[in-house]
Amino acid sequence: LILVTVEYIMGQIISRERMFTRMSHDQEIQKWNKDSYIGYRRISNLTIGILGVGDAGREVARVCKSFGMTVWGVTKSHVTSESASPYVDQYRHLDDLSEVLAVSDYVCNILPSTPETRGILCGDVFKHCSNKKSVFVNIGRGDVTSDQCIVKAIRNGWLGGAILDVFESEPLSTDSELWDLPGVVISPHVSAYGKEDKMTDLLVDQIERYLSGSPFLYVIDWKRGY
């Protein structure tokens, strides 16, 4: 499932930077619009800030680094040299979130929903993105921010757009302003939707680990909330 999530994130970034949606529109109207697609940004020149560098975040970092991106990671706990990912260029704590927002072309949220993270991107926090007009990617939990905070940030020019797979309330209301907001991509909570065969493989693996006394994968820490 982690790889499926990474596919979603990288697919959306590549699609946006190479303007695939616009290409599709031009094809529909039979428009040869070559000049519009020459000035794209190289992904290797971009910076991504990953909020939450657990198993999924580390894999996102690895793939982003393979494209040459600069990777910043935001964590809730201290990162030691032993636990740090070799694919994360800079680590910051949640308290230093504003610094990461200011340098990131893409801000990718993978944080779980906990008392510490709920609402962390509400208010005017996205104002820190105004220098780079960051694109906000949310595949973590919808309650780290609110629909209205995203709308406000885009209308004020703080965010350059948003790629949203999770929301405060699902399904997203038909009267939400997000549907028609320029620069916003909406998907119905499918970024980590996996195939049944992969789920079966994981279940079998976990059973084998139980029988052999080996540590389980993806163990939840109930005290931490994820």
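Everything in this summary refers to the structure shown in the same document. (Residues numbered from 1 in each chain as written. Predicted model: local features only at pLDDT ≥ 70, side-chain atom pairs only at ≥ 80, totals over all residues. Heavy atoms only, no water.)

Examining the sheet that holds strand β5 (residues 135-138)
Point 1. Spatial strand order, β3-β2-β1-β4-β5-β6-β7: seven strands in an open sheet with parallel pairing. In this open sheet, the two strands that pair with only one neighbour each are β3 (90-93) and β7 (184-186). The sheet shows a mean angle of 15° between the axes of neighbouring strands, direction not considered.
Point 2. Of the strand pairs in this sheet, strand β6 (residues 161-164) and β7 are connected by three bridges, and their pairing is parallel. Bridging across to β7, Ile 163 finds its partner in Val 185. (Pairing = 2+ DSSP bridges. Helix = DSSP H or I, 4+ residues; strand = E, 2+ residues; numbered from the N terminus. Axes fitted to C-alpha atoms, helices over the stretch in contact; angles between N-to-C directions.)

A word on the pattern of salt bridges
Point 1. Tallying each qualifying case throughout the model produces ten salt bridges.
Point 2. The closest approach of N and O atoms between Lys 76 and Glu 116, which form a salt bridge, is 3.8 Å. Taken together, the residues Lys 76 in the loop between β2 (70-75) and β3 and Glu 116 in the loop between β4 (106-109) and β5 connect sequence positions 40 residues apart.
Point 3. On the accessibility criterion, Lys 76 (18% relative accessible area) is buried.
Point 4. Residue Arg 155 pairs with Glu 177 through a salt bridge whose shortest N-O separation is 3.0 Å. Here the residue Arg 155 occupies a position in helix α5 (residues 147-155), and Glu 177 occupies one in the loop between β6 and β7, the gap between them amounting to 22 residues.
Point 5. Classification of Arg 155 by relative accessible area gives exposed; the value is 54%. (Salt bridge = Lys/Arg side-chain N within 4 Å of Asp/Glu carboxyl O. Buried < 20%, exposed > 50% of the residue type's maximum accessible area, 1.4 Å probe, protein only.)

A short note on the nonpolar core
Point 1. Core analysis: the largest hydrophobic core is formed by 28 residues, its most contacted members being Leu 121, Phe 126, Phe 136, Ile 150, Leu 164 and Leu 178.
Point 2. Elements with a minimum of two residues in this core: β2, α4 (97-103), α5 and β6.
Point 3. Of the residues forming this core, the biggest block, four residues, is contributed by α5.
Point 4. Judged by nonpolar contacts, the second largest core, of 25 residues, contains Ile 9, Val 88, Cys 108 and Ile 110. (Core = buried A, V, L, I, M, F, W, Y, C linked by side-chain atoms within 4.5 Å.)

Thoughts on the packing of aromatic side chains
Point 1. With the rule as written, the count across this model stands at two aromatic pairs.
Point 2. Relative to Phe 216, the ring of Tyr 210 lies with its centre 6.4 Å away and its plane at 10°, an arrangement referred to as stacked.
Point 3. Overall, Phe 216 belongs to the partly exposed group, its relative accessible area being 42%.
Point 4. Here Arg 18 stacks its cationic end above the ring of Tyr 40, 3.8 Å away from the centre of that ring. (Phe/Tyr/Trp six-rings, centres within 6.5 Å; stacked < 30°, edge-to-face > 60°. Lys NZ or Arg CZ within 6 Å of the ring centre and 35° of its normal.)

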